[in-house]
Amino acid sequence: MSASQRLPVIFLGHGNPMNALADNVYTRGWRQIGASLPKPRAVLCISAHWYVPYTAVTAMQSPRTIHDFGGFPRELFEFQYPAPGSPAIAEDVRDLIAPTVRLDDSWGLDHGAWSVLCHVYPDADVPVLQLSIDETLPARAHYRLGEQLAVLREQGILIVGSGNLIHNLHAYGWGRRVVDPYDWAVRFEEQARAWMLAGNHQPLIDYELLGEDAALAAPTPDHYLPLLYVLGAQLPGDKVTFPVEGVDGGSISMLSVQLG
């Protein structure tokens, strides 16, 4: 594909799994993203919720819908996203980043994938694969995996990272309405946006060295690291846009980042 034909790479701030059932500014934004893109051959999703001590790619024909949470209404546990998988594309992904990845037939689609993709592709007619996040690797290695995966964009594969740039549940406004985001969240998101717009990824890779705002924004790495796969997959000429914006509960950034 030429630069005009290759697919973008997208980071989606997924937030609360109840967004799967909601009609709000975030879900409408995700639907608009899907409507604006050529239909891909498949989606490769790097979700914050498959965080394990190895790298694997789902390789089943019919991935199950995983309800990896508790305390939500029954209707959320009953929700199904029956998108097919693609064993053949899984083998392509494995070959691309081998020997560091294994084929998996036991996981499926966790809510980091289906709670957003059910809006991006509501008909569940695009095959979806997930790539796990290896918790033993440093941030730089996750970025390098994104670099290796970038070629998929020219093969009709939409790479999606699903997490949150800012994800601090301890500071979240549980049970109360927090209108304004915390000052540290505002500062970190503004700085992160500026670095992304400038194509300066190094500070974002070295986020653990950035000080208090970054420590509050990403107290654990799981929701932050999907962003590094997306940044690593950026190609020359990609325009940086932020198609979905907002902060939920004061400390969960719903920012989406589209490259290309």
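Conventions adopted
- Residues numbered from 1 in each chain as written.
- Predicted model: local features only at pLDDT ≥ 70, side-chain atom pairs only at ≥ 80, totals over all residues.
- Heavy atoms only, no water.
- Phe/Tyr/Trp six-rings, centres within 6.5 Å; stacked < 30°, edge-to-face > 60°.
- Buried < 20%, exposed > 50% of the residue type's maximum accessible area, 1.4 Å probe, protein only.
- Helix = DSSP H or I, 4+ residues; strand = E, 2+ residues; numbered from the N terminus.
- Lys NZ or Arg CZ within 6 Å of the ring centre and 35° of its normal.
- Polar contact = N/O pair within 3.5 Å; in protein donor to acceptor, adjacent residues only side chain to side chain.
- Contact = heavy atoms within 4.5 Å.
- Salt bridge = Lys/Arg side-chain N within 4 Å of Asp/Glu carboxyl O.
- Arc of directions from axis to C-beta.

Draft legend 1. Here's a closer look at the packing of aromatic side chains. Inspection of the entire model under this criterion finds seven aromatic pairs. Look at phenylalanine 69 and phenylalanine 77: their rings are 5.0 Å apart centre to centre, the planes differ by 65°, and that puts the pair in the edge-to-face class. Accessibility expressed as a relative area gives 31% for phenylalanine 77, which makes it partly exposed. Pairing phenylalanine 69 with tryptophan 114 gives two aromatic rings, centres 6.1 Å apart and planes at 65°, and the pair type is edge-to-face. On the criterion of sequence distance, the pair formed by phenylalanine 69 in the loop between strand E3 (55-58) and helix H2 (74-77) and tryptophan 114 in helix H4 (residues 111-120) is long-range, its members being 45 residues apart. With respect to class, phenylalanine 69 is no different from tryptophan 114; both count as buried. Of the aromatic side chains, those joined through ring pairs into one cluster are Phe69, Phe72, Phe77, Phe79 and Trp114. One Lys or Arg, arginine 102, reaches over the ring of tyrosine 54 and ends 4.1 Å from the middle of that ring. One Lys or Arg, arginine 193, reaches over the ring of phenylalanine 242 and ends 4.9 Å from the middle of that ring.

Draft legend 2. Local environment of the side chain of aspartate 238. Turning to its location among the elements, aspartate 238 is positioned in the loop between helix H9 (225-232) and strand E7 (240-241). Of the polar contacts made by the side chain of aspartate 238, one reaches the side chain of arginine 153; its length is 2.7 Å. Among the polar contacts made by the side chain of aspartate 238, one reaches the main-chain amide nitrogen of leucine 235 at a distance of 2.7 Å. Residue contacts for aspartate 238: discarding those within four places in its chain leaves Arg6, Arg153, Ala233, Leu259 and Gly260.

Draft legend 3. Spotlight on the pattern of salt bridges. According to the stated counting rule, one finds nine salt bridges in the structure shown. With a closest N to O distance of 2.8 Å, arginine 187 and aspartate 213 form a salt bridge. With arginine 187 in helix H6 (residues 183-198) and aspartate 213 in helix H8 (residues 212-217), this residue pair connects regions lying 26 residues apart in the sequence. For glutamate 245, the salt bridge identified is with arginine 193, shortest N-O distance 2.6 Å. Placement of glutamate 245 in the loop between E7 and strand E8 (247-248) and of arginine 193 in helix H6 is noted, with a sequence separation of 52 residues between them. Classification of glutamate 245 as partly exposed rests on a relative accessible area of 44%. Each member of the salt-bridge network shares a partner with another, and the members are Arg6, Arg153, Glu154 and Asp238.

Draft legend 4. Structural context of helix H3 (residues 87-97). Inspection of H3 places Ile89, Ala90, Val93 and Ile97 among the buried residues, and these make up the whole buried set. In a view along the axis of H3, the buried residues occupy a sector of 105°, so they form one face of it. Structurally, H3 contributes buried residues whose contacts are with strand E2 (42-52), E3, strand E4 (101-104), strand E5 (128-134), helix H5 (139-149) and strand E6 (157-163).

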